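Here's the letter readout for the chains.
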Amino acid sequence: MANKKRNTILFAVLTLGLLLMFFASISLGSVMIPLKDVFASLTGGHAAKSTWEYIIINYRLPKAITAVLVGTGLSISGLLMQTLFRNPLAGPYVLGLSSGASLGVAFVILGAGFLPSFLSVIALSSYGIVIASTFGSTLVLLLVLVVSQRLRDTMAILIVGLMFGSFTTAIVSVLTYFSTAEQLQKFTFWSMGSLGNLSWSTIGILTVCVGIGLLLSAKSIKPLNALLLGENYAKSMGLNFKKARLIIIFATSILSGAITAFAGPIAFVGLAVPHIAKLTFQTSNHTILFWSTLFFGSIIMLFCDIVSQMPGFDVTLPINAITSIIGAPVVIWLLVRKRNFQ
Amino acid sequence: MISILKTTNLNIGYKSKKTVVTIAENLNLNLSSGKLISLIGANGIGKSTLLRTITGIQHPLAGNVYLNDKEISAYQPLDLAQNLSLVLTEKLPPSNLSVFELVALGRQPYTNWVGTLTQTDIEKVQQAMQLTQIEHLSNKKHYQISDGQLQKVLIARALAQDTPLIILDEPTTHLDLLHKVSLFKLLKKLTQETQKCILFSTHDIDLAIQLSDEMILMTPENVVQDEPCNLISNGSFTALFKDEHIIFDAEKGKFIVT
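Position labels on residues start from 1 in each chain and follow its written sequence. For this description, chains carry letters from A and ligands carry numbers from 1, given in the order in which they are written. Two thresholds apply to this predicted model, a pLDDT of at least 70 for residue-level local features and 80 or more for giving and counting side-chain atom pairs, whereas whole-chain, interface and lining totals are computed over all residues.

- The name given to chain B in an unreviewed UniProt entry is Iron complex transport system ATP-binding protein, and the organism recorded there is Flavobacterium defluvii.
- UniProt positions are given in the numbering used here, feature names are shortened, and annotations may be inferred rather than shown by experiment. UniProt lists a comment for chain B under the heading Subcellular location (unreviewed entry), and it reads "Cell membrane".

- Chain A goes by Iron complex transport system permease protein in an unreviewed UniProt entry, where it is assigned to Flavobacterium defluvii.
- Quoted verbatim from the Sequence similarities (unreviewed entry) field of UniProt, the annotation for chain A is "Belongs to the binding-protein-dependent transport system permease family. FecCD subfamily."
- Entered under Subcellular location (unreviewed entry) in the UniProt record, the comment concerning chain A runs "Cell membrane".

As structure tokens, then:
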């Protein structure tokens, strides 16, 4: 089979690309560190300067790992939603899941002042934020689901997602009136999105959440393939649709919820990456799409991260801006070239 | 000849909170292996409701539906999928599925948790594609083929599902006469060669009369199941359409517009 051979080559290239990107993301940054010292720090040796070692181990490595987690998680959740909603334009950001997660986080960060002090400590911890955020994204996804069953029109679902986005933005701006300058600053920084600033222990929490989400997604590969023929055919082939849908929803919510909690709302990755995978592999088979989306997601996120802090510049651009600059044109191009989505 | 699906005193219709709408009562149908059976009736008479009820999607108002001597509602989804496959009228969602992949999806009730095809699965898929003569389309994407070919592909998918009963909902709509005839002949051939029972709803009554082994006729008054020639001789077709301009010519076996 020619296809099989082609896929093997593509996956080999992707693996190589991922390794290169991962290493590039660790090697590049505002502080120039010679490759030799990067290797030395990664392999447990000593770099020429101890600050270099510190930067690699406690700043760049966690950031690269976060980029991989964020990229894979968001992309997979986009893939799941596109098949579940039979809508090529579905994604965690477009359907308002990220907004829902933002709302959850806004309530925690901006509203913590209203809670008794011991509760606000719990709420502001990593666990509190991740729970609030996942809760927010689940809520929005369930609402979208209810609406999508009444409106069969795929474009209507997108508009509904957009409305949820506006709604949460409005609620957030109301909340800002009642919060302190310090809280506001914290929330604003969070909402610009950032892959850095994550300690090793928060990365641990994120890894567990993304891991659960990816395992559930892998379990959904077969149901997703059945759903390519539509809900009724899928049921006639023995699919327990309600159960499968529940698993897919939970997987999507935990992926986009946890990621948004720690890295902020990151636009377009979830929408664009599955399309890149579909176009490259020319298939709808979710076994292949699952793996290729994982690879593309991490490669593209690492790339965006490298761009966001170009070597030689002192400033780090917000990651959300970079993904939008790259992602928005992809979406427009998809719309223009509409003929056969996916 | 083995009976595959049987209904006893079946009442079909809809039940909402306040009202019960009965569409047909006391249906005693019997679908047996190796038979091509067509379901005929005017628009809105309740063909879809009947199909939905005997496929277990909708509950009967009264009476029972037995598939292989087991009440249809007692089946687990996976068991049901190994006994009954469907070909629906709905449009397929956009995707990149190739013809082979689409037909192979019919193997889902038998494959493992990721849907890996075993050697047996691949053989069944190839067999289904041979029977429907679509092997040459194997690598084409499903949106690159004609409506007539797509209909054959969907039938191949149902064949790959390897069930004693296949139910098709209006498989000949959107097809021209040539493709209608070739599809009917294909269904006929399949029932003879595989001893499956195939039930399909259609509006192409003339063709159905010529090619079906049995027909189920739905009129507002009653639902009858019999061989086409018996239905012609006892004048059942006259009652099909309530319109003075449409007359059934029993000698020619077709409808005539006056």
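Still more to cover.
### Description of the overall build of chain B
Here's step 1: Think of it this way: any DSSP run of H or I at least four residues long counts as a helix, any run of E at least two long counts as a strand, and we number them from the N terminus. Secondary structure assignment for chain B yields eight helices and 13 strands.
Here's step 2: Radius of gyration here uses only the C-alpha atoms, and the compact-globule reference equals 2.2 Å multiplied by the residue count raised to the power 0.38. For a compact globule of 258 residues, the expected C-alpha radius of gyration is about 18 Å, and chain B comes in at 19 Å, within 12% of that figure.
Here's step 3: To sort residues by exposure, count the other C-beta atoms lying within 10 Å of each residue's C-beta; 20 or more gives buried, 12 or fewer gives exposed, and values between give partly exposed, all with C-beta atoms placed from the backbone. Across the 258 residues of chain B, 41% fall into the buried class.
Here's step 4: We call two residues in contact if the C-beta atoms placed from their backbones are at most 7 Å apart. Counting only contacts in chain B whose residues sit at least 6 apart along the sequence, the fraction spanning at least 24 positions is 66%.

### Thoughts on the UniProt feature "transmembrane region" (unreviewed entry) in chain A
All names here are of chain A.
Here's step 1: UniProt tags residues 64-81, 93-115, 127-148, 155-178, 198-218, 246-268, 288-308 and 315-336 as "transmembrane region" (unreviewed entry).
Here's step 2: With 100% helix and 0% strand, the stretch residues 127-148 has end C-alpha atoms that lie 31 Å from each other.
Here's step 3: Between the C-alpha atoms that bound residues 246-268 there is a distance of 24 Å. The span itself is 78% helix and 0% strand.

### Observations regarding unusual backbone geometry
Here's step 1: Notably, A:Gln282 is not glycine yet its phi reads approximately 50 degrees, a positive angle.
Here's step 2: Note that A:Gln282 resides in the loop between α13 (269-281) and α14 (286-308).
Here's step 3: Phi at B:Glu170 takes a positive value of approximately 40 degrees, unusual for a residue other than glycine.
Here's step 4: With respect to the helices and strands, B:Glu170 occurs in the loop between β8 (165-169) and α6 (177-194).
Here's step 5: On the basis of neighbour count, B:Glu170 is assigned to the partly exposed category, with 18 C-beta atoms found within 10 Å.

### Details of the nonpolar core
Among soluble globular proteins, nonpolar side chains are generally buried collectively.
Here's step 1: Nonpolar core, as used here: buried Ala, Val, Leu, Ile, Met, Phe, Trp, Tyr and Cys residues forming one set through C-beta atoms within 7 Å. In this structure, A:Ala258, B:Val103 and B:Ile198 are the most contacted members of the largest nonpolar core, which totals 160 residues.
Here's step 2: The greatest single-element share of this core, amounting to 14 residues, is contributed by helix α3 (residues 50-84) of chain A.
Here's step 3: Here the limits of each domain have been adopted from an automatic or database domain assignment. Two domains each put at least three residues into this core: domain 1 (3-83 + 163-257) and domain 2 (92-162) of chain B.
Here's step 4: If we skip the residues at most four places from it in the chain, A:Ala258 touches A:Val130, A:Ser133, A:Thr134, A:Leu206, A:Cys209 and A:Val210.

### Structural notes on the sheet that holds strand β7 (residues 84-87) of chain B
All names here are of chain B.
Here's step 1: Paired strands are those between which DSSP finds at least two bridges. What the six strands build is an open sheet, ordered β7-β8-β9-β4-β10-β11; its pairing is mixed. Lying at the two open borders of the sheet, with one neighbouring strand each, are β7 and β11 (223-226). Taken over all neighbouring pairs, the strand axes of this sheet differ in orientation by 15 degrees on average, direction set aside.
Here's step 2: Pairing analysis gives five bridges linking β8 to strand β9 (residues 197-201), with the strands arranged parallel. Within β9, the position partnered with Ile 167 by the bridge is Leu 199.
Here's step 3: Lines fitted to the C-alpha atoms define the axes, with helices restricted to the stretch that makes contact. Angles between their N-to-C directions range from 0 to 180 degrees. Set on the sheet, α6 makes contact with β4 (36-41) and β9; between it and β9 the angle comes to about 155 degrees.

### Examining the interface of chain A and chain B
Here's step 1: Counting residues at the interface gives 25 residues for chain A and 24 residues for chain B.
Here's step 2: Residue assignment for the side of chain A that touches chain B shows that the elements contributing at least two residues are α10 (221-227) and α11 (231-236) of chain A.
Here's step 3: Here the element with the most residues in the side of chain A that touches chain B is α10(A); it accounts for four residues.
Here's step 4: Any residue that is not Ala, Val, Leu, Ile, Met, Phe, Trp, Tyr, Cys, Pro, Asp, Glu, Lys or Arg is counted as polar, Gly included; the first ten are nonpolar and the last four charged. The class makeup of the residues in the side of chain A that touches chain B is nine nonpolar, 13 polar and three charged.

### Side note on the packing of α3(A) against helix α12 (residues 241-263) of chain A
The description of two packed helices rests on the angle between their axes and on the distance between the axes.
Residues and elements named next belong to chain A.
Here's step 1: For the pair α3 and α12, the least separation of the axes is 9 Å and the interaxial angle reads 145 degrees. Considering how the two elements wind past one another, α3 and α12 form a crossing that is left-handed. Side by side, α3 and α12 meet where Thr 66, Val 70, Gly 73, Leu 74, Ile 76, Ser 77, Leu 80, Met 81 and Leu 84 of the first sit next to Arg 245, Ile 248, Ala 251, Thr 252, Leu 255, Ser 256, Ile 259 and Ala 263 of the second.
Here's step 2: Split by residue class, the contact of α3 with α12 holds 11 nonpolar, five polar and one charged. Crossing handedness is defined as follows: a turn of the near helix away from the far one that is anticlockwise and smaller than a right angle gives a left-handed crossing, while the clockwise case is right-handed.

### Regarding α14(A)
Here's step 1: By this rule the span expected of a helix is its residue count minus one, scaled by 1.5 Å. A rise of 1.5 Å per residue sets the reference length of α14(A), with its 23 residues, at 33 Å; its end C-alpha atoms lie 31 Å apart and thus fit the reference within 8%.
Here's step 2: Across the 23 residues that make up α14(A), a large majority, 19, are buried.

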